[in-house]
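As a plain string of letters, each chain reads:
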Amino acid sequence: MGMSWQGEALIEGAAAGPALRLDAPLSFWGGVDPASGEICLAGHPQLGERITGTVLVIERLVGSSSSSAVMLELLYRSIGPAALILGTRDAILPIGSLVAQQMGWTPCPVILLKDPPFATGDMVRVERETIYKDDA
Amino acid sequence: MHLTQIERGILAGETGTVGGRMAMEIVVAAGRMLGAGALVPVVSSHIDGCLYHGDSGVLFCERLADEGARVQVPSSTNVGALNLLKPDQCRLPPDQRKMAFRLMQAHDRMGCSPSWTCAPYQAGARPSAGEQIAWGESNAVAFANTVLGARTNRYGDFLDIACAITGRAPLYGLHTDAARRGEIVIDVSALSPALRDEDSFYPVLGALIGTLSRESVPVLTGITPEQASEDRLKALCAGAASTGSTALIHIIGVTPEAPTLEAALGGEPARERVDVTAAMIREARDSLSRTQGDTVDCIALGSPHFSARECRTLLRLLNGRASRVPIYLCTGRHVMETLAIDGTDTALAALGVEFVVDTCVVVTPILPPGGGAMMTNSAKFAHYAKGNTGHDPVFGSLTDCVESAVAGRLVRDFALWG
């Protein structure tokens, strides 16, 4: 049992994992190491944490449009997030996932949900436009 | 989202190549994600995606090329990860260097013009005011919108080449009148005329504008068209696009759609007004330096790529004196060809200038490892130096850079800054 929310599926799919909510803005380009999946931006509060396998919750995107390329590289190496929940409308990261799909690599579902209420450690599941949170 | 019959046909695979269909899928998907109502035809593209970030991007561009994708509009290329005229200048491991080369080749095969420059607008790519384009590279985007009055959002990896292949972009953002309206007025008319006539004022002002305007479209007043030389505007746009997400600055009297303040604001009142003081501009200048003491280990010039005029100014300022530290001068082939005519290239090299062509020192490992103090007259280099190269930036004018290079230690003259 648990609660569910309806968002907008930017990239459709189903996945589950522990939520990792970014505590500060992060550009994937220059902010996530495409070889390890670790947050590598000096001074970021979550420096050194791995985004691999998480349901990554990003309220506000910043930075370089080369972040699409970092997203694709993470998915190509099978070290990407399990899913993305975006708080603001954006195409940069979803495009990385779309290209992965075109290339036959496992894409990462992306859902748009304003003011996503998830905290780091919540167990979250996404299915098309629905997000479920399991009870602790 | 409204799609034309041709667009639907390409998506359905009824017409065109598989590569063309993949590109159309990307442009349409991006349009849906961004809430665009339709696609808009574009007349040119500038491709940022030829810089190597990993093997996956190479495999994707090769797939597009293999599947018959070809650009439908003139498409210049931004920097790659290699100096193709001197590949061993870059310290990438051999396997990555090979992949970086394959990525540049794939763009060649798709019909891009191999300009390999972040200043395409100084290499012949000059769209006209009001034309819809799909450009990548933040400084080029800001220059195209601000100085040329063409219309583009910031298009990055995959979407840039997809727009070039389809000849279309999602109709949203800076392609539309509504999103181009100025919102925040930045007035520099209180600053001394001498400072406003100093080249190194412009990258600093750009950095300040990027910080002040955040997501808004800024309107700049207090600069005369005579002061606004092309190289100054280039430095201004690059600074703003580095510290902020600025992709358009309405400069009154310079930007084609901003002949007056009223026109720039679209007849509405400004949401915010900032009168720039000498103290604000000094603080913005100082935020571009991170070193203590007077050490200078190298000089980096050319972000955006130096023009022929800037190269000749450098030669004149050096005035026959050799540099004690390496001067890395980043520029494009279009400039090298010009410099070769009168021997400016060999004259600069003889004084300690190392040319970095087709690429630049903050996007690929060229500077010696281990860090150090990197002096520059570019706000963009100063902004990205630490994160991308490990070097600590020191900002100064081109004259300061030259005097420091010759002295082998930091020499700066900030008298004009008050």
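Residues numbered from 1 in each chain as written. Chains lettered and ligands numbered in written order. Predicted model: local features only at pLDDT ≥ 70, side-chain atom pairs only at ≥ 80, totals over all residues. Heavy atoms only, no water.

A word on the domain arrangement of chain B
Residues and elements named next belong to chain B.
Here's step 1: For chain B, the assigned domains are domain 1 (5–178), domain 2 (181–286) and domain 3 (298–411).
Here's step 2: Centre-to-centre separation of domain 2 and domain 3, based on C-alpha positions: 26 Å.
Here's step 3: In this assembly, 12 residues from domain 2 lie in contact with 13 residues from domain 3.
Here's step 4: With both chains or domains summed, domain 2 and domain 3 bury close to 910 Å², and 65% of this area falls on carbon and sulfur atoms.
Here's step 5: Where domain 2 packs against domain 3, one counts one salt bridge.
Here's step 6: Between Lys234 and Glu310 there is a salt bridge, with the nearest N and O atoms lying 2.7 Å from each other.
Here's step 7: Counting across the interface, domain 2 meets domain 3 through four residue pairs in polar contact (both at pLDDT 80 or more).
Here's step 8: Secondary-structure elements contributing two or more residues to the side of domain 2 that touches domain 3 are helix 9 (201–213) and helix 10 (230–243). (Domains from an automatic or database assignment. Contact = heavy atoms within 4.5 Å. Buried area = accessible area lost by both parts, 1.4 Å probe. Salt bridge = Lys/Arg side-chain N within 4 Å of Asp/Glu carboxyl O. Polar contact = N/O pair within 3.5 Å; in protein donor to acceptor, adjacent residues only side chain to side chain. Helix = DSSP H or I, 4+ residues; strand = E, 2+ residues; numbered from the N terminus.)

With respect to empty space enclosed by the protein
Here's step 1: Under the defined criterion, the tally for this structure stands at one cavity of 30 Å³ or more.
Here's step 2: Its volume calculated, the largest cavity comes out at about 80 Å³.
Here's step 3: In terms of lining, the largest cavity is formed by 14 residues, of which the most central are Leu51, His53, Gly54, Gly57 and Asp157 of chain B.
Here's step 4: At the level of elements, helix 1 (67–76) of chain A together with helix 3 (55–66) of chain B are the ones that each hand at least two residues to the lining of the largest cavity.
Here's step 5: Grouping the constituent residues of the lining of the largest cavity by class yields seven nonpolar, five polar and two charged. (1 Å grid on protein atoms, 1.4 Å probe; cavity = no way out; pocket = protein on both sides within 12 Å on 5 of 7 lines; lining within 4 Å. Points joined across faces, edges and corners; volume = space filled by probe spheres on them. Nonpolar A, V, L, I, M, F, W, Y, C, P; charged D, E, K, R; others polar.)

Observations concerning the interface of chain B and chain A
Here's step 1: Across the boundary between the two partners, chain B contributes 26 residues, which contact 23 residues of chain A.
Here's step 2: Surface buried jointly by chain B and chain A totals about 2100 Å² across both partners, of which 66% is contributed by carbon and sulfur atoms.
Here's step 3: The three residues of chain B that bury the most area against chain A are Met33, His53 and Ser56 of chain B, which together make up 34% of that side's buried surface.
Here's step 4: If you look at where chain B meets chain A, you find one salt bridge.
Here's step 5: The partner of Arg60 of chain A in a salt bridge is Glu215 of chain B, and the shortest N-O contact between them spans 3.6 Å.
Here's step 6: Among the elements of the structure, helix 2 (18–34), helix 3 and helix 16 (379–389) of chain B are those that each provide at least two residues to the side of chain B that touches chain A.
Here's step 7: Taken together, the residues of the side of chain B that touches chain A break down into 12 nonpolar, seven polar and seven charged.

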